[in-house]
Amino acid sequence: MLADDNNPQPNSNSKPTFLRRVFSVFIKAAVLLMLLFIFDKLLPSISQQTQSFVMAKWQQLSLLQQELPTENSLPSPLPAQHLTDTWGAARSQGRSHEGIDIFAKRGTPIQATTQGIVSKVGENTLGGRVVFIIGPGGAGHYYAHLEDYADISPNDWVNTGDIIGYVGDSGNAKGTPPHVHYGIYINGSAVNPYPLLQKPES
Ligand SMILES: [Zn+2]
């Protein structure tokens, strides 16, 4: 009967089954060891790039999960300087002021108001030398009219308080008292940074 062929008596076949199991475990172990050996040889060459790529992706994801800035939650880019709410003030060509200006001596270090990933270190017509950083919740933080940049590049990670540049009058601020123009962009729209910034004591 077919059933007998498929289900042989336990006593007569217990030994070969046991041996087959041992053999199969041995084969699996050998394959695993071979794979480990291959990975061990391959990994050092790709691990550096892979690690930094994975780290960068991880940082981006964790940034996006973090809360958007709330009232009085952000340290000022120039913590010692007085803040004035100049949001919405009239500007040339019918523009309105999409940020606030914080005045300080030329060359005063500008600090990142959040942790984040540097997305731009470069020049544009109005802002002159600018730095753009993507921070918690995906909010963009824009620092303009810099005299110079700190030693940062796009895709760098910065922590809150890291120096990202120095106060100047580059771009359309040329000849005006040195200041940093600080802007915040949430979902592509400018929002007033003033309520979100911590004000200096006194
Ligand atoms: Zn401004």
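Residues numbered from 1 in each chain as written. Predicted model: local features only at pLDDT ≥ 70, side-chain atom pairs only at ≥ 80, totals over all residues. Heavy atoms only, no water.

Draft legend 1. Structural context of the packing of aromatic side chains. The tally for this structure, following the rule as stated, stands at 4 aromatic pairs. Between phenylalanine 132 and tyrosine 142, the ring centres sit 6.2 Å apart and the planes meet at 50°, which makes this aromatic pair tilted. Of the two residues, phenylalanine 132 sits in strand β4 (residues 128–134) while tyrosine 142 sits in strand β5 (residues 140–149), which places them 10 residues apart along the sequence. Taking the centre distance of 6.4 Å and the plane angle of 75° together, the rings of tyrosine 142 and tyrosine 185 count as edge-to-face. In this pair, tyrosine 142 sits in strand β5 while tyrosine 185 sits in strand β8 (residues 179–186), placing the two residues 43 residues apart along the sequence. Its guanidinium or amino end placed over the ring of tyrosine 194, lysine 199 lies 4.6 Å from that ring's centre, counting from NZ or CZ. (Phe/Tyr/Trp six-rings, centres within 6.5 Å; stacked < 30°, edge-to-face > 60°. Helix = DSSP H or I, 4+ residues; strand = E, 2+ residues; numbered from the N terminus. Lys NZ or Arg CZ within 6 Å of the ring centre and 35° of its normal.)

Draft legend 2. Seen up close, the coordination of the zinc ion. Protein coordination of the zinc ion is provided by His97 (NE2), Asp101 (OD) and His181 (ND1), with donor distances spanning 2.0 to 2.1 Å. Read from N- to C-terminus, the donor residues coordinating the zinc ion fall into the pattern H-x3-D-x79-H. An identical accessibility class is assigned to histidine 97 and aspartate 101; each is buried. (Donors = N, O, S within 2.8 Å, 3.2 Å for Na, K, Ca; no water. Buried < 20%, exposed > 50% of the residue type's maximum accessible area, 1.4 Å probe, protein only.)

Draft legend 3. Broad picture of the UniProt feature "transmembrane region" (unreviewed entry) in the chain. The feature "transmembrane region" (unreviewed entry), as given by UniProt, occupies residues 18–39 in the numbering adopted here. The span residues 18–39 is 100% helix and 0% strand, and its two end C-alpha atoms sit 32 Å from each other. (UniProt positions renumbered as here; feature names shortened; annotations may be inferred.)

Draft legend 4. Quick look at the pairing of β4. Burial analysis of β4 places 5 of its 7 residues in the buried class, the great majority of the element. Inspection of the sheet shows strand β3 (residues 116–124) paired to β4 by 7 bridges, in the antiparallel sense. Its bridge partner being in β4, glutamate 123 is matched across the sheet by arginine 129. Of the strand pairs in this sheet, β4 and β5 are connected by 5 bridges, and their pairing is antiparallel. Along β5, the bridge assignment pairs isoleucine 134 with glycine 140. Between β4 and β5, which pair antiparallel one after the other, the connecting turn spans 5 residues, and glycine 137 there sits at a positive phi close to 75°. (Pairing = 2+ DSSP bridges.)

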